[in-house]
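Below, each chain spelled out in residue letters.
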Amino acid sequence: MLRYLLNRLISLCLSLVAASLVIFLVIEVIPGDPAAFMLGLNATEANVAALREELGLGGTLPERYWAWVSGMLTGDFGTSYTYRVPVADLILDRLWVSLPLAGYALALSTAIAFPVGLIAAARRGTATDYGIMGGTQLGIAVPNFWFAMLLVLVFAVNLQWFSAGGFPGWADPMAAIKALTLPAIALALPQASILARVMRSALLDTLGQDYIRTARAKGLSRRQAVIRHALRNALIPVLTIIGLQFSFLLAGAIIIENVFFLPGLGRLIFQGITQRDLIVVESVTMLLVFAVILVTFLVDIAYAAADPRLRRK
């Protein structure tokens with residue numbers, strides 16, 4: 001287990017180094033000068049050069065990359081070109097929206113997927129199973145931003161049960177949760193569909209094992225065998241998908257946050273791109289990549305702890 005943990009840690013570090021290089025190089029080659037963008041069309045070359053130096057854009061690419069990476073390692077993400085405040089403060093403010101939204105969406109998708117996948121597996125080959133599989137396929141195919149706009153049209157415009165967008169803050173927790181409900185539902189639909197299909201597949205694989213046949217031979221009904229024996233053993237791949245979905249929900253809510261005008265990390269990245277605020281885009285993207293890699297690492301460790309065959313491999 002220690003050797004496996006060490007190998008995964010090395011893989012995590014190499015992945016972070018590779019991701020930081022890709023993020024930095026891709027963003028740096030984007031056309032446009034942040035200093036010229038901030039000063040406008042009438043700015044002189046001398047003013048643009050002075051502002052570039054002030055923003056730390058005057059060095060070579062290796063120097064700027066090392067300054068960025070070494071700063072992140074010490075908790076200094078730099079200063080936003082646009083807002084003129086530390087990027088770390090911007091990220092901390094936006095995390096209070098993105099993290100609860102990801103957790104809310106994951107809770108909804110899990111609450112939907114578990115019973116749906118269980119029913120589909122227990123009634124394999126029936127009309128119920130075919131209906132559930134068709135519904136999950138539709139849930140995967142429907143774009144979440146289109147579903148988000150449909151939710152706004154129905155529940156915000158027509159029924160007026162929810163607001164069409166915005167976030168009131170956590171001073172009133174119930175109002176904050178209500179503001180995150182429609183975005184969480186829009187994010188949860190495709191994830192619930194994927195998770196339900198994984199749940200069904202894992203349960204069906206487990207139901208074909210010898211110990212399930214033994215339980216059925218002892219007089220247990222199919223439903224009892226599924227709930228008492230198959231469900232627990234089928235949770236390992238399901239929990240793996242849940243862990244990966246959380247990192248995806250945290251990093252992949254850019255469109256949904258813009259649809260609902262939520263001040264989260266996704267909207268911060270979008271604003272940074274439109275305003276040519278490179279340090280914000282680089283730092284937030286790297287933070288999201290780190291979250292994805294870290295969650296994947298933790299899932300791998302938990303999976304290996306539960307299944308010794310992975311450690312032997």
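These lines cover the structure that appears in this document, whether it is placed above or below. All residue numbers here refer to positions counted from 1 along the written sequence of the relevant chain. Only residues with pLDDT of at least 70 get local features here, since the model is predicted, and only at 80 or more are side-chain atom pairs given and counted; chain-wide, interface and lining totals rely on the full set of residues. Hydrogens are left out, water is left out, and the side-chain values use all remaining heavy atoms of the structure.

### Concerning a nonpolar patch on the surface
Here is step 1: Two joining distances apply to patches: 9 Å for like charges and 5 Å for nonpolar side chains (Val, Leu, Ile, Met, Phe, Trp, Tyr), and every residue must have over 30% relative accessible area and no salt bridge. A 1.4 Å probe and the Shrake-Rupley method give the accessible areas. Residues count as covered only by the protein chains that appear here. In the sections that follow, a salt bridge refers to a side-chain nitrogen of Lys or Arg positioned within 4 Å of a carboxyl oxygen of Asp or Glu. A cluster of nonpolar side chains, F145, W146, M149, L150, L153, V157 and I255, forms an exposed patch at the surface whose accessible area comes to about 640 Å².
Here is step 2: By residue number, the principal contributor to the nonpolar patch is helix 7 (residues 144–158), which donates six residues.
Here is step 3: We classify M149 as partly exposed; its relative accessible area is 43%. The helix and strand labels rest on DSSP assignments: H or I over at least four residues marks a helix, E over at least two residues marks a strand, and numbering proceeds from the N terminus. Exposure categories follow from relative accessible area, calculated using a 1.4 Å probe and restricted to protein chains: below 20% of the type maximum is buried, above 50% is exposed, and the middle band is partly exposed.

### Section: the side chain of S109
Here is step 1: Following the sequence through the fold, S109 ends up in helix 5 (residues 87–122).
Here is step 2: Within the structure, S109 has its side chain in polar contact with the backbone oxygen of L106 (distance 2.9 Å).
Here is step 3: When checking whether two residues touch, look at their non-hydrogen atoms; a contact exists if any pair is within 4.5 Å. When residues no more than four places from it in sequence are discounted, the contact partners of S109 are A188, Q191, A192, L195 and Q245. Identification of polar contacts relies on pairs of N or O atoms within 3.5 Å, with a donor-acceptor requirement for protein atoms, meaning one able to donate a hydrogen and the other able to accept it, and with residues adjacent in sequence counted only if both atoms are side-chain atoms.

### Let's talk about the pattern of salt bridges
Here is step 1: Inspection of the entire model under this criterion finds one salt bridge.
Here is step 2: For the salt bridge of D129 with R200, the shortest nitrogen-to-oxygen distance reads 2.8 Å. Of this pair, D129 sits in helix 6 (residues 127–141) while R200 sits in helix 8 (residues 173–207), placing them 71 residues apart in sequence. For the pair formed by D129 and R200, the shared burial category is buried.

### Observations regarding the packing of helix 1 (residues 2–28) against helix 4 (residues 61–73)
Here is step 1: Every axis corresponds to a line fitted to the C-alpha atoms, with the helix fit spanning only the stretch in contact, and the corresponding angles, defined between N-to-C directions, vary from 0 to 180 degrees. Taken N-terminus to C-terminus, the directions of helix 1 and helix 4 make an angle of 125°; their axes are 11 Å apart at the nearest point. Our classification of the angle between helix 1 and helix 4 gives oblique. Both helix 1 and helix 4 take part in a crossing whose hand is right-handed. Contact with helix 1, carried on its side by V17, S20, L21, I23, F24 and E28, involves L61, R64, Y65 and W68 of helix 4 and no other residues of that element.
Here is step 2: Along the lines of polarity and charge, the residues of the contact of helix 1 with helix 4 split into seven nonpolar, one polar and two charged. Oblique is the label for any angle not under 35 degrees, not over 145, and not in the 65 to 115 range, which are roughly parallel, roughly antiparallel and roughly perpendicular in turn. Handedness of a crossing is defined here by the sense of rotation of the near helix relative to the far one, left-handed for an anticlockwise turn of less than a right angle and right-handed for a clockwise turn. For this classification, the nonpolar set comprises Ala, Val, Leu, Ile, Met, Phe, Trp, Tyr, Cys and Pro, the charged set comprises Asp, Glu, Lys and Arg, and every other residue, Gly included, is treated as polar.

### Overview of empty space enclosed by the protein
Here is step 1: Think of a 1 Å grid over just the protein atoms. A cavity is a set of points where a 1.4 Å probe fits yet cannot get out, a pocket is an open set with protein on both sides within 12 Å along at least five of seven lines, and lining residues have an atom within 4 Å of a point. Grid points are joined across faces, edges and corners, and a volume is the space filled by probe spheres set on the points. Within this structure, the stated rule accounts for one cavity of 30 Å³ or more.
Here is step 2: What the largest cavity holds in volume is close to 50 Å³.
Here is step 3: As for the largest cavity, its lining consists of F162, S163, G165, G166, K178, A179, L182, P183 and F260.
Here is step 4: Considering only residue class, the lining of the largest cavity consists of five nonpolar, three polar and one charged.

### Observations concerning unusual backbone geometry
Here is step 1: The backbone of R84 sits at a positive phi, close to 55°, despite the residue not being glycine.
Here is step 2: Structurally, R84 can be placed in the loop between helix 4 and helix 5.
Here is step 3: Positive phi, close to 55°, is recorded for F261, a residue that is not glycine.
Here is step 4: Among the secondary structure elements, F261 is positioned in the loop between helix 11 (254–259) and helix 12 (265–274).

### Comments concerning helix 8
Here is step 1: With 35 residues, helix 8 extends just 43 Å between its outermost C-alpha atoms, more than 12% less than the 51 Å of an ideal straight helix rising 1.5 Å per residue.
Here is step 2: Bend, at a single residue, is the angle you get between axes fitted to the 7 residues ending at that residue and the 7 residues starting at it. The sharpest bend along helix 8 measures roughly 35° and falls at T181, with the proline P183 sitting one to four residues further on. Expected helix span is given by 1.5 Å per residue-to-residue step, counting one fewer step than there are residues.

### A short note on the packing of aromatic side chains
Here is step 1: Each pair of aromatic rings taken from Phe, Tyr and Trp, with Trp reduced to its six-membered ring, is defined by centres within 6.5 Å and is described as stacked if the planes are under 30 degrees apart, edge-to-face if over 60, and tilted in the remaining cases. Tallied over the entire structure, the rule returns six aromatic pairs.
Here is step 2: Between F24 and W68, the aromatic rings sit 6.0 Å apart at their centres with planes inclined by 25°, giving stacked as the arrangement. In this pair, F24 is assigned in helix 1 and W68 in helix 4, connecting sequence segments 44 residues apart. In this pair, the class of F24 matches that of W68, namely buried.
Here is step 3: Seen in terms of ring centroids, F155 and F162 are 6.5 Å apart; in terms of plane orientation they differ by 80°. Their pairing is edge-to-face.

Purely geometric numbers; function is a separate question.
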